[in-house]
Amino acid sequence: MDFDVIVIGAGAAGLMCAAAAGWRGRRVLVLDHNDQPGRKILISGGGRCNFTNLGVAPDRYLSGNPHFVTSALKRYRPADFLDLLRHHRIPWHERNHGELFCDRSAEDIVTMLLAECTTAGVELRCGVKAGAVSGDGPFTVSTGAGALSAASVVLATGGLSIPKIGASGFAHAVARRYDIPVVTPRPGLVPLTFAEADLALIRPLSGIAVDAVVAVGRARFREAVLLTHRGLSGPAVLQASSYWREGDSIAIDWLPDLDAAAYLLGRKAERPNAEVRTMLAEHLPARLAEMLTARAGADARPIGQTPHAALTALGTELKTWKLTPTGTEGWRTAEITVGGIDTAALSSKTMEIKTRPGLFAVGEAADVAGWLGGYNFHWAWASGWVAGQFA
Ligand code: FDA
């Protein structure tokens, strides 16, 4: 046998898994078809890598089995990753809601993972594409550079987001070949797109960002909404996109801290000669206020001449502005993949495929997708580390 463990994919989960298995004395090879390991890490978090979140908890993840992540998250916590950073003297800082970023650059994280792999005796081969996995333990991995065998194989090739930097459906294809179910992948943390009628309202406001609530079904996110020439983006929309499915509508509350109808009726009594849009512009960017009131047919009228019923209706509209996206910007810009190897087929303790001992799936290859804010990298570290204890 060439190796004890072959890890396919030198991304976040693969490098963590390889180092952990190497530390156990396993002979480990990591393969990646890119010429450089950890490319997604390098471009993450605006180049500073939002590497974990102090609020890591199972309810921050979407998965066919919401409890699946619990075991790995309990065994590998944000504090464990911070210990690693301390050991490598990597400075970091906290931003909103416990999001942790590198002070200097995401390169620090890749350098650290590679140093861990080197010290643990892991061999790394870049520019080598895995073509297929066969066998039942030992496994054979076919590559352009010949076939390699190992007792364990770890599928760490991530999901489909951003094909330009190496994303592939490799893990899903291997799973299907072994009759392991795959939850149909769809883009997540991705801007939403709209039909021309809605876009005609949004496009002229391109560049405006508003603190708002975006709801899809029972999921609600309060953060910035960014209007763009292609549709809607910004953290609240990206978060909601992971829950959105074709045909669903979204509802935006543009004034989350305000009872909009009561506010408008109050202003009607206090400033009857002011225009409705002017009153709304006290709480919203003027151009957005103008669009929203124009749409409700109330823009140019003094608020005093606007009937109560119209103001109440506008108030309701401002709290639940309903839109039906036609789609998303797709894999080109999606930060993550929702879906992947069905967690029902995986052991949550080891990340091993239950019906194929020795075959493991980690990181985004599995049907686990985190919220924005460092949760996806944390899942990569936790699932990679866990698999590294058993592979
Ligand atoms: P990942 O995609 O990182 O690695 C898979 C590796 O497999 C790649 O190196 C690829 O080249 C390789 N591969 C694929 N097919 C192969 C084959 N056939 N043979 C050999 N190699 C193959 N998350 C977060 O928590 N905080 C953040 O700040 C960000 N920021 C961010 C920005 C952008 C622009 C994106 C696209 C994504 C993020 N994310 C994020 C998400 C995060 O990057 C993602 O969840 C993890 O990188 C997933 O780690 P994996 O190791 O599972 O896959």
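For every chain, the first residue of the written sequence is number 1, and numbering continues from 1 along that sequence. The model is predicted, so local features are restricted to residues of pLDDT at least 70 and side-chain atom pairs to those at 80 or more, both for listing and for counting; the totals for chains, interfaces and linings are taken over all residues. Water and hydrogen atoms play no part in the side-chain values, which are based on all heavy atoms of the structure.

Our working definition: UniProt positions are given in the numbering used here, feature names are shortened, and annotations may be inferred rather than shown by experiment.
By the naming in an unreviewed UniProt entry, the protein chain is Flavoprotein, taken from Magnetospirillum fulvum. Here the protein chain is described in UniProt, under the heading Cofactor (unreviewed entry), as follows: "FAD".

## Concerning the site of the ligand
Definition in use: Nearness here has a simple test: a residue counts as near a molecule or strand if at least one of its heavy atoms is within 4 Å of that partner. Any pair of nitrogen or oxygen atoms within 3.5 Å is treated as a polar contact; in protein, a donor-acceptor pairing is required on top of that, and neighbouring residues in sequence qualify only through side-chain atoms on both sides. Per-residue and other accessible areas were derived by the Shrake-Rupley procedure at a 1.4 Å probe size, with only the shown protein chains allowed to occlude residues. Runs of H or I in DSSP of at least four residues are treated as helices and runs of E of at least two as strands, each being numbered from the N terminus.
Taken together, 30 residues form the shell around the ligand, and within it Asp32, Asn50, Ser168, Glu364 and Phe377 come nearest. In the model, a nitrogen atom of the ligand is placed 3.0 Å from a nitrogen or oxygen of the Ala130 main chain. One of the side-chain N or O atoms of Ser168 is found 2.6 Å from a nitrogen atom in the ligand. Protein chains bury 94% of the 1,000 Å² of accessible surface belonging to the ligand in isolation. For the shell around the ligand, the secondary-structure elements that each account for two or more residues are helix H1 (12-23), helix H2 (39-43) and helix H13 (375-390).

## As for the packing of aromatic side chains
To keep it simple, the criterion reads: Here a pair means two rings of Phe, Tyr or Trp (six-membered ring of Trp) with centres within 6.5 Å. Their orientation is stacked below 30 degrees between planes, edge-to-face above 60, and tilted elsewhere. The buried label applies to any residue whose accessible area, calculated with a 1.4 Å probe on protein chains only, is under 20% of its type's maximum; exposed applies above 50%, and partly exposed to all values in between. Whether a charge sits over a ring comes down to the Lys NZ or Arg CZ being within 6 Å of the ring centre and within 35 degrees of the ring normal.
Counted under the stated rule, the structure contains 11 aromatic pairs. Their ring planes at 85 degrees and their centres at 6.2 Å tell us that Tyr61 and Tyr375 sit as a pair that is edge-to-face. One end of the pair, Tyr61, is in strand S4 (residues 61-62); the other, Tyr375, is in helix H13, and 314 residues separate them in sequence. Overall, the relative accessible area of 6% leaves Tyr61 in the buried class. Arranged with centres 6.5 Å apart and planes meeting at 85 degrees, the rings of Trp371 and Tyr375 form a pair that is edge-to-face. You can call Tyr375 buried: its relative accessible area is 4%. The rings of Tyr61, Phe68, Phe221, Tyr243, Trp371, Tyr375 and Trp379 are connected pair by pair, giving a single aromatic cluster. One residue, Arg95, lies across the ring of Phe101, its end atom 3.7 Å from the ring centre. Directly above the ring of Tyr178 sits Arg177, whose terminal nitrogen or CZ lies 5.6 Å from the centroid.

## Quick notes on the environment of Thr312
Here Thr312 lies in helix H12 (residues 308-319). Here the alpha-carbon distance between Thr312 and Lys164, two residues 148 residues apart in the chain, equals 49 Å.

## Re helix H9 (residues 260-270)
Here is the rule we go by: Starting at the helix axis, one direction is taken to each C-beta atom, and the arc is that of these directions.
Along H9, the residues that are buried comprise Ala260, Ala261, Tyr263, Leu264, Arg267 and Lys268. In a view along the axis of H9, the buried residues occupy a sector of 160 degrees, so they form one face of it. Opposite the packed face of H9, turned more than 90 degrees from it, sit the exposed residues Ala269 and Glu270.

## Description of H12
Quick note on the threshold: Take the residue count of a helix, subtract one, and multiply by 1.5 Å to get its expected span. Whether two residues are in contact is decided by their heavy atoms, any of which lying within 4.5 Å being enough.
Counted at 1.5 Å a residue, the expected span for H12 with its 12 residues is 16 Å, and the 17 Å between its end C-alpha atoms agrees. Against the buried residues of H12 lie strand S16 (250-253), H9, helix H10 (276-280) and helix H11 (286-295).

## Some thoughts on the pairing of strand S6 (residues 99-102)
The cut-off we apply is this: Here a strand pair is declared whenever DSSP counts at least two bridges between the two strands.
Of the two faces of S6, the one carrying Glu99 and Phe101 and the one carrying Leu100 and Cys102 are both buried. Sheet topology places strand S3 (residues 50-53) next to S6; three bridges connect them, and they run antiparallel. By the bridge assignment, Asn53 is partnered in S6 with Glu99. Inspection of the sheet shows strand S5 (residues 92-94) paired to S6 by three bridges, in the antiparallel sense. Within S6, the residue paired with His93 across the bridge is Phe101. What sits between S5 and S6 in their antiparallel hairpin is a turn of four residues, with His97 showing a positive phi close to 50 degrees.

## Points about the nonpolar core
Test applied: Put simply, a nonpolar core is a bunch of buried Ala, Val, Leu, Ile, Met, Phe, Trp, Tyr and Cys residues held in one set by side-chain atoms that sit within 4.5 Å of each other. Domain start and end points were adopted from an automatic or database domain assignment.
Grouped together as the largest cluster of nonpolar side chains are 131 residues, with contacts concentrated most on Val133, Leu155, Trp254 and Trp381. Residues lining this core come from more than one domain, with at least three contributed by each of domain 1 (3-187 + 335-388) and domain 2 (191-329). Not counting residues up to four positions away in its chain, the partners in contact with Leu155 are Ile8, Val133, Phe170, Ala171, Val174, Ile341, Leu359, Phe360, Ala361, Val362 and Ala365.

## Notes on the packing of helix H4 (residues 78-87) against helix H5 (residues 107-119)
Counted only if it meets this: The angle between two axes is taken between their N-to-C directions and runs from 0 to 180 degrees, where each axis is a line fitted to C-alpha atoms and a helix contributes only its stretch in contact. Roughly parallel refers to an angle under 35 degrees, roughly antiparallel to one over 145, roughly perpendicular to one between 65 and 115, and oblique to any angle outside these ranges. In this classification, the charged set is Asp, Glu, Lys and Arg, the nonpolar set is Ala, Val, Leu, Ile, Met, Phe, Trp, Tyr, Cys and Pro, and all remaining amino acids, among them Gly, are polar.
Remark: H4 packs on H5, axes separated minimally by 11 Å, with the N-to-C direction vectors making an angle of 85 degrees. As summarised for this structure, H4 and H5 are arranged roughly perpendicular, according to the angle between their axes. Residues Phe81, Leu84, Leu85 and His87 of H4 touch H5, and the partners they reach there are Ile109, Met112 and Glu116. Here the contact of H4 with H5 is built from residues that sort into five nonpolar, one polar and one charged.

## Observations concerning the domain arrangement of the protein chain
For clarity, the cut-off: Each of two parts loses accessible area, computed with a 1.4 Å probe, when they are put together; buried area is these two losses added. A side-chain nitrogen of Lys or Arg and a carboxyl oxygen of Asp or Glu constitute a salt bridge if their distance falls within 4 Å.
When its domains are assigned, the protein chain resolves into domain 1 (3-187 + 335-388) and domain 2 (191-329). Taking only C-alpha atoms, the centre of domain 1 and the centre of domain 2 are 39 Å apart. At the junction of the two partners, domain 1 supplies seven residues and domain 2 supplies 10 residues. Between domain 1 and domain 2 the total buried area reaches about 810 Å² when both faces are included, carbon and sulfur atoms providing 51% of it. Three residues stand out in domain 1 for area buried against domain 2, namely Arg186, Trp371 and Leu372, and they jointly supply 58% of the buried area on that side. Counting every contact that joins domain 1 to domain 2 gives zero salt bridges. Where domain 1 touches domain 2, the interface holds four residue pairs in polar contact (both at pLDDT 80 or more). Residue assignment for the side of domain 1 that touches domain 2 shows that the elements contributing at least two residues are strand S11 (182-188) and strand S19 (336-341). Among the residues making up the side of domain 1 that touches domain 2, the classes are represented as six nonpolar, no polar and one charged.

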